[in-house]
Amino acid sequence: MVTLAEVAQHAGVSASTVSYVLSGKRSISATTRQRVEQSIRELGYHPNAGARALASSRSNIIALMIPLRTDMYVPVMMEIAIAVATTARTHGYDVLLLTGEEGPDAVRRVTGSGLADAMILMDVQLDDERLPLLRGTDQPSVLIGLPADTAGLTCVDLDFKATGALCVEHLAMLGHRDIAVIGEAPAVYERHTGFAERTLDGLRARSQELGMRLLHRPCEGGYDAMAVTLARIFDERPSTTGFVVQNESAVEPLLALLRQQGRAVPEDVSVVAICPDQVATQASVRLTSVSIPAQEMGRHAVEQLAAKLDGRGSDEVVLIAPELTVRASTGPAPTATH
């Protein structure tokens, strides 16, 4: 392994000069800096992370808090996490993944230990218990998600309220008057998870404005749970012709059950999904959908955080506008329903 002394010898400078170039603590002439940087590149020198942290009081690590709950769709969470990690690397940061459901304790652990320079928090609830701690610390943080009160916070998210409204508008334009929403698992709403609550707000408000009837039914996902939920919907609202699905694990069971009941998609029933493009395009009927911009969310969060760490950032809310892609699962409302 190449040492700092070997870099100094190769560049023809003292070890302390190499140290100053690395830490940025003293101004070094441009020529000397270039010579040292060239030696570092040629020799493949990597400063010891612990020593570098001590010297600069920075760890160059971002903590990503991503509770992996059984009722959440993990592939989306991981796609965001990968986008965070790859973007962080371009800014010279590594990512420490905290996957436990520790809530405020995880924030205390990071702020109290110097484990990381900054934090990105996911799975944000409307009244998230972690927020008072974030507001009370100088450590920079960004939320991927939107709490009820965003004062003093930096947040990045898809505009889920606008997403819900967009789904309703699309079905209304096709003449559907009775729509049912297949939601996330009940526990997601019990926790008041921001994205699910905001989508519901958008769906309900726009339905009311357009004079449409809307049912919302949470669903665990999977075939059996979906069968019970669908039977209940058609019992309560036999005239339902439009579905909005915000639950990836319910997509394929729903399509299979509609087929079994002799309800053709989109001739008898239209289905709009809020899901990753991959889920929409690989379903047995290619789904009209609003995609989850996971990579964009991850990238925006790191860029906001990097700006804060450089002393440039300010608290702001970045909402990504939803985009609806029409595929094979939506069509005009039938003139007569089952």
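Residues numbered from 1 in each chain as written. Predicted model: local features only at pLDDT ≥ 70, side-chain atom pairs only at ≥ 80, totals over all residues. Heavy atoms only, no water.

A short note on the overall build of the chain
Okay, so step 1: Summing up its helical and strand segments, the chain has 14 helices and 12 strands in all.
Okay, so step 2: Scaling as 2.2 N^0.38, a compact globule of 338 residues should have a C-alpha radius of gyration of about 20 Å, whereas the chain reaches 25 Å, well beyond that.
Okay, so step 3: The C-alpha extent of the chain, read off along each of the three principal axes, is 85 × 40 × 35 Å.
Okay, so step 4: When each of the 338 residues of the chain is scored for burial, the buried share is 49%.
Okay, so step 5: In the chain, once contacts between residues fewer than 6 apart in sequence are set aside, the share between residues at least 24 apart is 71%.
Okay, so step 6: Side chains of the chain carry 30 positive and 40 negative charges; the gap between the two charge centres is 4 Å. (Helix = DSSP H or I, 4+ residues; strand = E, 2+ residues; numbered from the N terminus. Rg over C-alpha atoms; globule rule 2.2 N^0.38 Å. Buried < 20%, exposed > 50% of the residue type's maximum accessible area, 1.4 Å probe, protein only. Contact = heavy atoms within 4.5 Å. Lys, Arg positive; Asp, Glu negative; His and termini not counted. Charge placed at Lys NZ, Arg CZ, Asp CG, Glu CD.)

Quick look at the packing of aromatic side chains
Okay, so step 1: According to the stated counting rule, one finds 2 aromatic pairs in the structure shown.
Okay, so step 2: Ring plane angle 50° and centroid distance 5.5 Å describe the contact between phenylalanine 160 and phenylalanine 195, whose orientation is recorded as tilted. Linking phenylalanine 160 in helix H8 (residues 160–173) with phenylalanine 195 in helix H10 (residues 194–209), this pair joins segments that are 35 residues apart in sequence.
Okay, so step 3: Residues phenylalanine 234 and phenylalanine 243 carry aromatic rings whose centres are separated by 5.9 Å and whose planes lie at 75° to one another, so their mutual orientation is edge-to-face. Note on accessibility: phenylalanine 234 and phenylalanine 243 belong to one class, buried.
Okay, so step 4: Stacked on the ring of phenylalanine 234, the Lys or Arg arginine 263 has its end atom at 3.6 Å from the ring centre. (Phe/Tyr/Trp six-rings, centres within 6.5 Å; stacked < 30°, edge-to-face > 60°. Lys NZ or Arg CZ within 6 Å of the ring centre and 35° of its normal.)

What about the sheet that holds strand E11 (residues 317–320)?
Okay, so step 1: Across the sheet, 6 strands lie side by side as E2-E1-E3-E4-E5-E11; this open sheet has parallel pairing. The open sheet terminates on both sides in strands that have one partner only, identified here as strand E2 (94–98) and E11. When strand polarity is set aside, the average angle formed by the axes of neighbouring strands in this sheet is 20°.
Okay, so step 2: Across the sheet, helix H5 (residues 74–90) is in contact with strand E1 (61–65), E2, strand E3 (118–121) and strand E4 (141–144); its angle to E2 comes to roughly 150°. (Pairing = 2+ DSSP bridges. Axes fitted to C-alpha atoms, helices over the stretch in contact; angles between N-to-C directions.)

Focus on the nonpolar core
Okay, so step 1: Ile80, Ile120, Ile144 and Leu203 are the most contacted members of the largest nonpolar core, which has 47 residues in total.
Okay, so step 2: In this structure, this core is formed jointly by two domains, domain 2 (61–158 + 294–320) and domain 3 (160–292 + 324–337), each of which donates at least three residues.
Okay, so step 3: With residues near it in sequence (within four places) discarded, isoleucine 80 still touches Met122, Ile144, Ala294, Met297 and Gly298.
Okay, so step 4: Residues Leu215, Phe234, Phe243 and Val271 belong to the second largest nonpolar core, which totals 26 residues. (Core = buried A, V, L, I, M, F, W, Y, C linked by side-chain atoms within 4.5 Å. Domains from an automatic or database assignment.)

Comments concerning the side chain of arginine 191
Okay, so step 1: Considering the arrangement of structural elements, one finds arginine 191 in the loop between helix H9 (186–190) and H10.
Okay, so step 2: Residue classification places arginine 191 among the buried positions, given a relative accessible area of 18%.
Okay, so step 3: Non-local contacts of arginine 191, meaning those with residues more than four positions away in its chain, are made with Arg69, Asp71, Met72, Asp123 and Gln125.

Some thoughts on the sheet that holds strand E6 (residues 178–183)
Okay, so step 1: Reading across the sheet, the 6 strands line up as E7-E6-E8-E9-E10-E12 and stay open at both edges, with mixed pairing between neighbours. Strands at the two margins of the open sheet, each flanked by one partner only, are strand E7 (213–218) and strand E12 (324–325).
Okay, so step 2: With 3 bridges joining them, strand E9 (residues 270–274) and strand E10 (residues 288–290) adopt parallel strand pairing. When the sheet's bridge partners are listed, valine 272 is paired in E10 with threonine 288.
Okay, so step 3: Strand contacts of H8: E6, strand E8 (242–245), E9, E10 and E12, with the helix running at about 165° to E9, the strand carrying the most contacts.

Side note on the domain arrangement of the chain
Okay, so step 1: Each assigned domain of the chain is listed here: domain 1 (4–47), domain 2 (61–158 + 294–320) and domain 3 (160–292 + 324–337).
Okay, so step 2: The C-alpha-based centres of domain 1 and domain 2 are spaced at 34 Å.

Quick look at the pattern of salt bridges
Okay, so step 1: Throughout the structure, instances matching the rule amount to 16 salt bridges.
Okay, so step 2: In this structure, aspartate 128 and arginine 130 form a salt bridge, with 2.9 Å as the shortest nitrogen-oxygen distance.
Okay, so step 3: For arginine 130, a relative accessible area of 5% puts it in the buried group.
Okay, so step 4: For aspartate 310, the salt bridge identified is with arginine 312, shortest N-O distance 3.4 Å.
Okay, so step 5: The exposure class of arginine 312 is exposed, given its relative accessible area of 58%.
Okay, so step 6: Here the salt bridges do not stand alone but share partners, grouping Glu169, Arg206 and Glu209 into one network. (Salt bridge = Lys/Arg side-chain N within 4 Å of Asp/Glu carboxyl O.)

Details of the pairing of E3
Okay, so step 1: Of the two faces of E3, both are covered, the one formed by Ala118 and Ile120 as well as the one formed by Met119 and Leu121.
Okay, so step 2: Summarising the sheet, E1 and E3 pair through 4 bridges and their orientation is parallel. Bridge assignment links leucine 64 to a residue of E3, and that residue is isoleucine 120.
Okay, so step 3: Alignment of E3 against E4, held across 3 bridges, turns out to be parallel. From the neighbouring strand, methionine 119 faces E4, where its bridge partner is serine 141.

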